[in-house]
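# A structural walkthrough
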Amino acid sequence: MKKFVTLILALALTLSLAACGGNNASPSGSASSAGSDAASSGEAGFTTAVDGVLSMATEATFPPYEYYDGDAIVGIDVEIAQAIADKLGLELQVTDIAFDSIIPGVQSGKYDLGLAGMTVTDERLEQVNFSDSYATGVQVVIVKEGGKVTSVDDLFADGASNVIGTQTGTTGFLYATWDIQDAGLGEVKSFAKTTDAVEALKNGQVDCVILDNEPAKALVAANEGAGLSILDTEYAVEDYAAAISKDNTALLEAINGALKELIADGTVQSILDKYIGK
Ligand code: GLN
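This is a predicted model, so every value here is computed, not measured. (Residues numbered from 1 in each chain as written. Predicted model: local features only at pLDDT ≥ 70, side-chain atom pairs only at ≥ 80, totals over all residues. Heavy atoms only, no water.)

## Here we look at the sheet that holds strand 3 (residues 66-69)
Sheet strands pair via backbone hydrogen bonds, and the direction of the pair is either parallel or antiparallel. One open sheet accounts for three strands, arranged 2-3-4; its pairing is antiparallel. Both edges of this open sheet fall to strand 2 (61-62) and strand 4 (72-74), since each of them pairs with a single strand only. Sheet analysis places strand 2 next to strand 3, joined by two bridges and oriented antiparallel. Bridging from a neighbouring strand, Phe 62 pairs with Glu 66 of strand 3. (Pairing = 2+ DSSP bridges. Helix = DSSP H or I, 4+ residues; strand = E, 2+ residues; numbered from the N terminus.)

Printed below as a string of structure tokens:
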């Protein structure tokens, strides 16, 4: 992973985080010990939308965290959710919806958790609880060979006017809006799917795409020959966690209990290693 961070970007980031309070501390909800042998909902002290089922909402154009393999949604988040469901004695059901519908779906109780490479931010913490973090992500910038943007500095240069592609409702979208659009340095175009944002870059509709690093790497690799590359500058480092309704703290505690065990016994790391090359 590349470690070079420009000062200007660090400053932009600091401003963003100060503005949104997004320096994602993990939620304070301390984990209780939902044991491996926890029985179905009622007896285990938590409830789920459908008895015996752990219903996960995700957005499945985010490889390697969630993506389609044929008709099946697979990836890091799906495997972690499956391991949590197994510990809680629940059957996992995964539903693919728009990224910005995940939190509303969790808030309304339609889904038990949102697991979507979702960054913990203070803004989101006002809407949902987050589990303990199970991974980190970094915002990066994808560009196209021969395009206007060749460094992150180009995005913040005096008189810059780039079109920035992002996925709707993501932290990449928020940073681009605050740091670039609101600063008069360009325009943000948002897309429902990360793959649509990347297509727009290939077609010249946007000058770059701001996205999390692992999906960025996977999408650049999937478009070999298209002249796409990732700039050598990291944006924000973020914590990923599961979003759970504020009305279901018992489920939050059960999930945190399961996650703690899965982190302690190396399961989470082995799932990450399986999908993310070193
Ligand atoms: N980590 C980013 C966010 O939470 C992007 C997540 C995603 O697109 N699935 O906003």
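Read on, since the account is not over.
## Some thoughts on the sheet that holds strand 14 (residues 243-244)
Strand order in the open sheet made by the five strands is 5-1-6-14-7, with mixed pairing throughout. The open sheet has two free edges, formed respectively by strand 5 (91-96) and strand 7 (129-130), since each of these has just one partner strand. Bridge count between strand 1 (residues 53-58) and strand 5: six bridges; the pairing is parallel. When the bridges of strand 5 are listed, Ser 55 appears paired with Gln 93.

## Here's the deal with helix 4 (residues 99-107)
Within helix 4 the residues assigned to the buried category are Phe 99, Ile 102, Ile 103, Gly 105 and Val 106. Burial along helix 4 is one-sided: seen end-on, the buried residues are contained in an arc of 165°. For helix 4, the secondary structure elements touched by its buried residues are strand 1, strand 6 (113-114), helix 5 (122-125), strand 9 (162-167) and strand 14. Of the residues trailing helix 4, Gly 109 is marked for its positive phi of about 90°. (Buried < 20%, exposed > 50% of the residue type's maximum accessible area, 1.4 Å probe, protein only. Arc of directions from axis to C-beta. Contact = heavy atoms within 4.5 Å.)

## Some thoughts on the side chain of Glu 66
Of note, Glu 66 is situated in strand 3. Nearest to the buried, unbridged Glu 66 among oppositely charged side chains is Arg 124, at 11 Å. A distance of 3.0 Å separates a polar atom in the side chain of Glu 66 from a polar atom in the side chain of Thr 58. When neighbours within four sequence positions are excluded, Glu 66 is seen to be in contact with Met 56, Thr 58, Glu 59, Ala 60, Thr 61, Ile 73, Val 74, Asp 77, Leu 115, Ala 116 and Gly 117. (Lys, Arg positive; Asp, Glu negative; His and termini not counted. Salt bridge = Lys/Arg side-chain N within 4 Å of Asp/Glu carboxyl O. Polar contact = N/O pair within 3.5 Å; in protein donor to acceptor, adjacent residues only side chain to side chain.)

## Observations regarding helix 3 (residues 76-88)
With 13 residues, helix 3 should cover 18 Å at 1.5 Å per step; its first-to-last C-alpha distance of 18 Å lies within 8% of that length. Taking burial as the measure, the 13 residues of helix 3 include ten buried ones, the bulk of the element. Listed as buried for helix 3 are Ile 76, Asp 77, Val 78, Ile 80, Ala 81, Ala 83, Ile 84, Ala 85, Lys 87 and Leu 88. For helix 3, the secondary structure elements touched by its buried residues are strand 1, strand 3, strand 4, strand 5, helix 10 (249-264) and helix 11 (267-275). Gly 89, located one to two residues past helix 3, shows a positive phi value of around 70°. (Expected span 1.5 Å × (residues − 1).)

## Observations concerning the site of the ligand
Taken together, 13 residues sit near the ligand, with Ala 116, Arg 124, Gln 167, Thr 171 and Asp 212 positioned nearest. Here an oxygen atom of the ligand sits 2.8 Å away from a polar atom, N or O, in the side chain of Arg 124. At 2.6 Å, a side-chain N or O of Asp 212 approaches a nitrogen atom of the ligand. Taking 300 Å² as the accessible area of the ligand by itself, protein coverage stands at 100%. The pocket occupied by the ligand, as judged from atoms lying within 2 Å of grid points, is the largest cavity. A breakdown of the residues in the shell around the ligand according to their chemical character gives five nonpolar, five polar and three charged. (Near = heavy atom within 4 Å. Areas by Shrake-Rupley, 256 points an atom, 1.4 Å probe, with all protein chains shown as cover. 1 Å grid on protein atoms, 1.4 Å probe; cavity = no way out; pocket = protein on both sides within 12 Å on 5 of 7 lines; lining within 4 Å. Sits in = over half its atoms within 2 Å of the grid points. Nonpolar A, V, L, I, M, F, W, Y, C, P; charged D, E, K, R; others polar.)

## Structural notes on the environment of Asn 129
Looking at where Asn 129 falls in the secondary structure, it is placed in strand 7. Those residues in contact with Asn 129 that lie beyond four places of it in its chain are Ala 242, Ala 243, Ile 244, Ser 245, Lys 246, Thr 249 and Leu 252.

## A look at the pairing of strand 1
Here strand 1 lies mainly inside the structure; six of its six residues are buried. What you see with strand 1 is no split at all: Val 53, Ser 55 and Ala 57 on one side and Leu 54, Met 56 and Thr 58 on the other are buried throughout. As paired elements, strand 1 and strand 6 share two bridges and run parallel to each other. Paired with Ala 57 across the two strands is Gly 114, which belongs to strand 6.

## Focus on the packing of helix 3 against helix 10
How two helices pack is summed up by the angle between their axes together with the distance between the axes. Between helix 3 and helix 10, the shortest axis-to-axis distance is 9 Å and the interhelical angle comes to 110°. Classed by the angle they form, the pair helix 3 and helix 10 counts as roughly perpendicular. The interaxial crossing formed by helix 3 with helix 10 has right-handed handedness. Of helix 10, the residues touching helix 3 (which contributes Ile 80, Ala 83, Ile 84, Lys 87 and Leu 88) are Ala 254, Ile 255, Ala 258, Leu 259, Glu 261 and Leu 262. (Axes fitted to C-alpha atoms, helices over the stretch in contact; angles between N-to-C directions. Parallel < 35°, antiparallel > 145°, perpendicular 65-115°, else oblique. Left-handed = near helix turned anticlockwise from the far one by under 90°.)

## A closer look at the pairing of strand 9
With respect to burial, strand 9 is a largely interior element, six of its six residues being buried. Burial along strand 9 is two-sided: the residues Asn 162, Ile 164 and Thr 166 and Val 163, Gly 165 and Gln 167 are all buried. Pairing geometry for strand 9 and strand 10 (residues 186-191), over six bridges, is parallel. By the bridge assignment for strand 10, Gly 165 is matched with Lys 189. Of the crossover connections in this fold, the one passing from strand 9 over helix 7 (residues 171-181) to the parallel strand 10 is right-handed. As defined by bridge partners, strand 9 adjoins strand 11 (residues 208-212) across two bridges and the pair is classed as parallel. Across the sheet, residue Gly 165 finds its bridge partner in strand 11, namely Val 209. (Right-handed = clockwise from strand over helix to strand, strands pointing away.)

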